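Observations on chain architecture
Chain by chain, the residues:
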Amino acid sequence: MKIFSLIIFFGVFLAGLFFAFKKDIWKAEKKEIILNYAEEKKISESVLKKQTKEEANPENLDEINKKEEKTKEEIEINQKESKNSIDDSSQKKEETPDSSQDFEIKNRLVSWGYSISQNRSIDTIILHSSYNAVGDDPHNLDDIIEREYKPAGVSPHYIISREGKVYRLVEDKNIAYHAGVSQVPDGRKNVNDFSLGIEIVNTGKESPNSAQYKSIQNLLDYLKNKYKIKYILGHSDIASGRKTDPWNFDWGKINKK
Ligand SMILES: [Zn+2]
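Residues numbered from 1 in each chain as written. Predicted model: local features only at pLDDT ≥ 70, side-chain atom pairs only at ≥ 80, totals over all residues. Heavy atoms only, no water.

Glancing now at the overall build of the chain. Broken down by element type, the chain carries five helices and eight strands. Along the chain, helices and strands appear, N-terminal first, in the series α-α-β-β-β-α-β-β-β-β-α-β-α. Here the chain holds 257 residues, and 32% of them are scored as buried. Sequence separation of 24 or more characterises 71% of the internal contacts of the chain that already satisfy a separation of 6 or more. Accessible surface, the chain as shown: approximately 17,800 Å² in total, 54% of it carbon and sulfur. (Helix = DSSP H or I, 4+ residues; strand = E, 2+ residues; numbered from the N terminus. Buried < 20%, exposed > 50% of the residue type's maximum accessible area, 1.4 Å probe, protein only. Contact = heavy atoms within 4.5 Å. Areas by Shrake-Rupley, 256 points an atom, 1.4 Å probe, with all protein chains shown as cover.)

Right under this line is the structure:
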């Protein structure tokens, strides 16, 4: 009986030892799991920290800064552009008095009727009259230019249509053939050399109309602003006995000064 109870006691002891050992292993395993978890947590924290650091690393910061700078630049450009548009509008406002609202010179340069000059001085403006004697419409500009001036090899610098439109046929700097044998009051001959010629479209039976008078004045003002003009005369004034144009012209309707 004593041996039996000794075997049970030893068995219980062994079992107890076993469980105690097992518990330790479990504890150790648990600890390791916890540690592992903690490690994982640490890793994840460091990963998290790393990711946060990457988000805030210099390269990314540069990118962010660049983006910010770009935005700044864009804002500045926009501001400049809006400022320029304001400047433009103010310039336009300043220019308005110079170029009168409906005064415009359209280029319709011809290839005949002038000689090229580089540095002539201009101090005289000569007014003429022209009409179309070829076709049905005496005011037809194409006929006047192509069928009258061209065959004759002549041209003014400007022509003012019956509608009051101003066309440039020859550049100011060049010597246009519009005056012929001529002389100004101060005795100078070859008036073409130092003058600008303006043709007004009207026949000998009619006067220039109000649209034409308005354009003549605008063109004269424009030219007086560009050159120091001594004479504004009619063709008849520089070639008397030979020429009678500008026809039916009322000098009182224009301001020479
Ligand atoms: Zn003439």
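So, next bit.
Okay, the pattern of salt bridges next. Taken as a whole and judged by the stated rule, the model has nine salt bridges. Residue K230 pairs with D186 through a salt bridge whose shortest N-O separation is 2.7 Å. In this pair, K230 sits in the loop between α4 (210-226) and β8 (231-234) while D186 sits in the loop between β6 (175-176) and β7 (195-201), placing the two residues 44 residues apart along the sequence. Salt-bridge contacts for D221 lead to K224; the nearest nitrogen and oxygen are separated by 3.6 Å. (Salt bridge = Lys/Arg side-chain N within 4 Å of Asp/Glu carboxyl O.)

A separate point is the coordination of the zinc ion. Bound to the zinc ion are the protein donor atoms H128 (ND1), H235 (ND1) and D245 (OD), situated 2.1 Å from the metal. Read in sequence order, the donor residues coordinating the zinc ion give the pattern H-x106-H-x9-D. Residue H128 is located in strand β3 (residues 124-130), and its partner D245 is located in the segment after α5 (235-238); the two are separated by 117 residues in the primary sequence. Residue class for D245 comes out buried when judged on its relative accessible area of 6%. (Donors = N, O, S within 2.8 Å, 3.2 Å for Na, K, Ca; no water.)

The side chains of a regular strand alternate between both faces of the sheet. Judged by how many residues are buried, β7 sits mostly within the fold: seven of seven residues are covered. Covered by surrounding structure in β7 are S195, G197, E199 and V201 together with L196, I198 and I200, the residues of both alternating faces. Sheet analysis places β3 next to β7, joined by seven bridges and oriented parallel. Across the sheet, L127 pairs through a bridge with I198, a residue of β7. For strand β4 (residues 158-160) and β7, the ladder comprises three bridges, and the chain directions are parallel. Counterpart to I160 in the pairing with β7 is I200. (Pairing = 2+ DSSP bridges.)

It is worth spelling out the sheet that holds β7 at this point. If you trace the six strands from one edge of the open sheet to the other, you get β1-β5-β4-β7-β3-β8, paired in mixed fashion. Unpaired on one side and paired on the other, β1 (105-107) and β8 mark the two borders of the sheet. The average undirected angle you get between the axes of adjacent strands in this sheet is 25°. (Axes fitted to C-alpha atoms, helices over the stretch in contact; angles between N-to-C directions.)

Another aspect to go through is the confidence of the model for the chain. Of the residues in the chain, 60% reach a pLDDT of 70 or more, and the chain-wide mean stands at 77. Contacts from residues 25-61, a stretch scored under 50 in pLDDT, to residues over four places away or in other chains number five contacts. Note on residues 74-98: pLDDT under 50 across the span, and zero contacts to partners over four residues away in sequence or across chains. (pLDDT = per-residue confidence, 0-100.)

To continue, consider the nonpolar core. The biggest cluster of nonpolar side chains holds 21 residues, and the ones touching the most others in it are I125, I198, I216, L219 and L223. Contributions of two or more residues to this core are made by β3, β4, β7 and α4. Among the elements that take part in this core, α4 stands out by supplying five residues, more than any other. Those residues in contact with L219 that lie beyond four places of it in its chain are F103, I105, Y158, I160, V166 and I198. Of all hydrophobic cores here, the second largest spans twelve residues; its members include W112, I145, L169 and V170. (Core = buried A, V, L, I, M, F, W, Y, C linked by side-chain atoms within 4.5 Å.)

Side chains of β8 alternate between two faces, with Y231 and L233 and I232 and G234 buried alike. Inspection of the sheet shows β3 paired to β8 by four bridges, in the parallel sense. When the sheet's bridge partners are listed, L127 is paired in β8 with G234.

Attention shifts here to the side chain of N202. One can find N202 in the loop between β7 and α4. Residue classification places N202 among the buried residues on the basis of a relative accessible area of 0%. In terms of polar contacts, N202 uses its side chain to reach the side chain of S129, at 2.7 Å. Residues in contact with N202, not counting those within four places in the same chain, are S129, S130, Y131, R162, S207, P208 and W247. (Polar contact = N/O pair within 3.5 Å; in protein donor to acceptor, adjacent residues only side chain to side chain.)

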